[in-house]
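Descriptive analysis of the structure
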Amino acid sequence: EPEVTQTPSHQVTQMGQEVILRCVPISNHLYFYWYRQILGQKVEFLVSFYNNEISEKSEIFDDQFSVERPDGSNFTLKIRSTKLEDSAMYFCASSEFGGRAKNEQFFGPGTRLTVL
Amino acid sequence: AQSVTQLGSHVSVSEGALVLLRCNYSSSVPPYLFWYVQYPNQGLQLLLKYTSAATLVKGINGFEAEFKKSETSFHLTKPSAHMSDAAEYFCAVYNAGGTSYGKLTFGQGTILTVHP
């Protein structure tokens, strides 16, 4: 069964460093998302991406964040200068359709980011 | 804006007992609602979804949920718990309108423990 994969599963970095979290969405999916979950808090939407551009982003997704689909298979989230409060589990998701009725998002296992 | 609230961060049941996980939503438009499950070290897996068709929705692994507009609820149930049901469960609402492409808003999650 097709699945969304994410690498690495754990990432430890120093404050101020850049990190890139990688995701491989399901191959025929066209819509891509990043969410995050700070320990003990809700899963929060960060950004959605379609047709090589951001379609929506939350207030969390500031200038320190960027997303890219560098090739036909990968979808990346970059944090330019990490802060302590960026420590969280980051989930990638993808869906075949974007419309309300058919949107079913498939999630990856997550990358746990720890900023020291 | 839409939101969901899950009542009870932890629920503990005996094997074979009824499982009831509560979710209440707030939405200014007819909502699309989802239940996801997360097993340890895995991604979020869709259990079931309500998309304005039948109010009683059946999902995988014997779970079902009933949409009750009058109560703004979408509680998840399973008649008989199994040890393998132990996981964290998330209720989510689809944010519709404008140019939104599939932004999900999640509840805070409920950890289900099943004891022998």
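See the structure shown above.
Residues numbered from 1 in each chain as written. Chains lettered and ligands numbered in written order. Predicted model: local features only at pLDDT ≥ 70, side-chain atom pairs only at ≥ 80, totals over all residues. Heavy atoms only, no water.

Glancing now at the sheet that holds strand E3 (residues 19-24) of chain A. Residues and elements named next belong to chain A. Read from one edge to the other, the open sheet built from four strands follows the order E1-E3-E8-E7, with strand pairing classed as antiparallel. In this open sheet, the two strands that pair with only one neighbour each are strand E1 (5-7) and strand E7 (65-68). Across the sheet, the axes of successive neighbouring strands diverge by a mean angle of 20 degrees, strand direction being ignored. Here E3 pairs with strand E8 (residues 75-79) via five bridges, running antiparallel. In the strand pairing of E8, Leu21 is matched with Leu77. (Pairing = 2+ DSSP bridges. Helix = DSSP H or I, 4+ residues; strand = E, 2+ residues; numbered from the N terminus. Axes fitted to C-alpha atoms, helices over the stretch in contact; angles between N-to-C directions.)

Turning next to the interface of chain A and chain B. On the side of chain B, 26 residues touch chain A, which itself brings 21 residues to the contact. A:Glu104 is the partner of B:Lys49 in a salt bridge, and the nearest nitrogen-oxygen pair spans 3.5 Å. Inspection of the region where chain A meets chain B yields two residue pairs in polar contact (both at pLDDT 80 or more). Counting residues per element, the ones that place at least two in the side of chain A that touches chain B are strand E4 (31-37), strand E5 (43-50) and strand E6 (53-57) of chain A. Here the side of chain A that touches chain B gets four residues from one element, more than from any other, and that element is E4(A). Here the residues of the side of chain A that touches chain B are counted per class, giving nine nonpolar, eight polar and four charged. (Contact = heavy atoms within 4.5 Å. Salt bridge = Lys/Arg side-chain N within 4 Å of Asp/Glu carboxyl O. Polar contact = N/O pair within 3.5 Å; in protein donor to acceptor, adjacent residues only side chain to side chain. Nonpolar A, V, L, I, M, F, W, Y, C, P; charged D, E, K, R; others polar.)

Take the environment of B:Ala1 next. Along the chain, the position of B:Ala1 falls in the segment before strand E1 (3-7). Its relative accessible area of 90% is what places B:Ala1 among the exposed residues. (Buried < 20%, exposed > 50% of the residue type's maximum accessible area, 1.4 Å probe, protein only.)

A word on the sheet that holds strand E3 (residues 19-26) of chain B. All names here are of chain B. If you trace the five strands from one edge of the open sheet to the other, you get E1-E3-E8-E7-E6, paired in antiparallel fashion. Pairing within the sheet leaves two strands with one partner each, and these edge strands are E1 and strand E6 (56-58). Across the sheet, the axes of successive neighbouring strands diverge by a mean angle of 20 degrees, strand direction being ignored. Inspection of the sheet shows E3 paired to strand E8 (residues 73-78) by four bridges, in the antiparallel sense.

Okay, the packing of aromatic side chains next. Under the defined criterion, the tally for this structure stands at 19 aromatic pairs over all chains. Pairwise contacts between aromatic rings join A:Tyr33, A:Tyr35, A:Phe45, A:Phe107, B:Phe34, B:Tyr36, B:Phe90 and B:Phe106 into one cluster. (Phe/Tyr/Trp six-rings, centres within 6.5 Å; stacked < 30°, edge-to-face > 60°.)

Keep in mind these numbers describe shape, not what the thing actually does.
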